[in-house]
Amino acid sequence: MNLKIWIEAARLRTLPLSTAGIIVGSSLALGQSDMNFSWSLFALLMVTTIALQVLGNFADDLGDFQHGADNDDRVGPQRAVQSGELTIDKMKKGIAAMAIFAFSIGIIMLIVAFGLNVQFTIFLAIGIAAIIAAIRYTVGRNPFGYRGLGDFMVLIFFGLATVVGSYYILTKQLSAEVWLLGLALGFLSMGVLNVNNLRDSENDKQTGKRTLIVKFGVPFGKTYHFIICIASIAIFIYCILRHCSPMALLWIAVPTALLVAHGIRVLRCADVKTLDPELKKLSLTTFLMSILFAVAIL
């Protein structure tokens, strides 16, 4: 039973989203025929990013409860600390354990990728920053998520860091295209956060959680959401056309249609409290897009 509670607190429905950036960055690396692709590094990248996602979910569970955002008025699944299934002390221990695990796996990955050199030091600093950001998103005084900085942090760590970072770790190179794809994945990850913030906008306003929706309003949030979904689609189309014939766009036709339909549903939604199912749909569609993008360019 205790294991089941921890699994629920890990929020498995968010994990496909966290791996999508690794898949996109790695597929670009694998597509370079002159590179010796390292499957062991790919596996370590996947484990590290999943560990960071779970760490963030544990911290979010604790932080939102401590700040009062997780209450009876909140829409969506009840969380572990809020429900009393895990005490604050147990969740703090879980956060510490997951932070140590993510750090350890990350160290192993960086040693395999670079050895002990300047690159190792730079990426170690980025990894430590990712761990701190995962915890400080909702935990502590004046956390990022309560100052309207959540979207920016998601863009950096779920988009640019995962796509650009995985590509560089596997190839030791950079390109303008990989930065664009980092933005595309970042936009879709921002979309998942934005749906969450739209859904909880009234409760967030009452509890002092100053998300972009609370600051600028629901109509802004709906338009903003549609724009970042379309921008992400445009980047994927552009990058596929750089590698392949227009026929290759058929590979991403389904996730593209799903993203457009999703964006329209959010744009036209009359009651934002009904948006909870769109969280899972967007997360899984992002994962599907990453898989089919990889197939298309390979």
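Below: a short report on this structure. (Residues numbered from 1 in each chain as written. Predicted model: local features only at pLDDT ≥ 70, side-chain atom pairs only at ≥ 80, totals over all residues. Heavy atoms only, no water.)

## Some thoughts on the environment of Met289
Now for step 1: Looking at the element boundaries, Met289 is found in helix H13 (residues 276-297).
Now for step 2: For Met289, a relative accessible area of 0% translates into the label buried.
Now for step 3: Taking the C-alpha atoms as reference, Met289 lies 16 Å from Glu278; in sequence the two are 11 residues apart.
Now for step 4: Residue contacts for Met289: discarding those within four places in its chain leaves Phe236, Ile252, Pro255, Thr256 and Leu259. (Helix = DSSP H or I, 4+ residues; strand = E, 2+ residues; numbered from the N terminus. Buried < 20%, exposed > 50% of the residue type's maximum accessible area, 1.4 Å probe, protein only. Contact = heavy atoms within 4.5 Å.)

## Here we look at the pattern of salt bridges
Now for step 1: This model, assessed by the stated rule, comprises 9 salt bridges.
Now for step 2: For Glu278, the salt bridge is made with Arg265, and the minimal N-O distance between the two is 3.0 Å. You can see Glu278 sitting in helix H13 and its partner Arg265 sitting in helix H12 (residues 253-268), a full 13 residues away along the chain.
Now for step 3: Overall, the relative accessible area of 38% leaves Arg265 in the partly exposed class.
Now for step 4: A salt bridge links Lys281 to Glu278; its shortest N-O distance comes to 3.4 Å. Linking Lys281 with Glu278, this pair stays in helix H13, spanning 3 residues, or about one helical turn.
Now for step 5: Among the charged side chains, a network of salt bridges with common partners joins Arg13, Arg199, Asp200 and Asp276. (Salt bridge = Lys/Arg side-chain N within 4 Å of Asp/Glu carboxyl O.)

## Focus: the nonpolar core
Now for step 1: Ranked by size, the top nonpolar core spans 68 residues in total, and within it Phe114, Ile169, Leu181, Phe236 and Phe293 carry the most contacts.
Now for step 2: Considering each element in turn, this core owes the most residues, 11 residues, to helix H8 (residues 176-199).
Now for step 3: Ignoring any residue separated from it by four or fewer positions in sequence, one finds Ile169 in contact with Leu41, Leu45, Met109, Leu110, Ala113, Phe114 and Phe123.
Now for step 4: One finds Ile5, Ile95, Ala99 and Ala102 within the second-largest nonpolar core, a separate group that totals 22 residues. (Core = buried A, V, L, I, M, F, W, Y, C linked by side-chain atoms within 4.5 Å.)

## Details of the packing of aromatic side chains
Now for step 1: The tally for this structure, following the rule as stated, stands at 10 aromatic pairs.
Now for step 2: Ring geometry for Trp39 versus Phe42: centroids 5.7 Å apart, planes at 85 degrees, classification edge-to-face. Here Trp39 and its partner Phe42 are both found in helix H3 (residues 39-66), 3 residues apart, which amounts to about one turn of the helix.
Now for step 3: Arranged with centres 5.4 Å apart and planes meeting at 65 degrees, the rings of Phe236 and Phe293 form a pair that is edge-to-face. With Phe236 in helix H11 (residues 218-243) and Phe293 in helix H13, the pair connects residues that are 57 residues apart, well separated along the chain.
Now for step 4: Among the residues examined, Phe293 registers a relative accessible area of 0% and is labelled buried.
Now for step 5: Members of the aromatic cluster, connected to one another through ring pairs, are Phe37, Trp39 and Phe42. (Phe/Tyr/Trp six-rings, centres within 6.5 Å; stacked < 30°, edge-to-face > 60°.)

## What about the side chain of Thr48?
Now for step 1: Secondary-structure assignment places Thr48 in helix H3.
Now for step 2: With sequence-adjacent residues up to four places away left out, Thr48 is seen in contact with Ala102, Ile105, Gly106 and Met109.

## Concerning the state of the cysteines
Note on terminology: disulfide describes a covalent bond linking the sulfur atoms of two cysteines.
Now for step 1: For the structure on display, the rule yields 0 disulfides.
Now for step 2: With no disulfide of its own, Cys229 lies 14 Å from the sulfur of Cys269, the closest cysteine sulfur.
Now for step 3: Its relative accessible area of 2% is what places Cys229 among the buried residues.
Now for step 4: Using a relative accessible area of 10% as the deciding quantity, one classes Cys269 as buried. (Disulfide = S-S within 2.5 Å.)

## With respect to the environment of Ser175
Now for step 1: Mapped onto the elements, Ser175 comes out in the loop between helix H7 (150-171) and H8.
Now for step 2: You can call Ser175 partly exposed: its relative accessible area is 25%.
Now for step 3: Sequence separation between Ser175 and Gly221 is 46 residues, and the spatial gap between their C-alpha atoms is 32 Å.

## As for the side chain of His262
Now for step 1: When you line up the elements, His262 lands in helix H12.
Now for step 2: Here His225 takes part through its side chain, which lies 2.7 Å from a polar atom of the side chain of His262.
Now for step 3: Engagement of the side chain of His262 in a polar contact is seen with the side chain of Glu278, the distance being 2.8 Å.
Now for step 4: Those residues in contact with His262 that lie beyond four places of it in its chain are Val195, His225, Cys229, Glu278 and Leu282. (Polar contact = N/O pair within 3.5 Å; in protein donor to acceptor, adjacent residues only side chain to side chain.)

## Let's talk about helix H5 (residues 88-114)
Now for step 1: Taking 1.5 Å of rise per residue, the 27 residues of H5 would be expected to cover 39 Å, and the 38 Å separating its terminal C-alpha atoms lies within 8% of that figure.
Now for step 2: Once H5 ends, the next one or two residues include Gly115, with phi positive near 75 degrees. (Expected span 1.5 Å × (residues − 1).)

## Things to note about H8
Now for step 1: The terminal C-alpha atoms of H8, which comprises 24 residues, lie 35 Å apart, in line with the 34 Å expected from a rise of 1.5 Å per residue.
Now for step 2: Buried residues dominate H8, accounting for 20 of its 24 residues.

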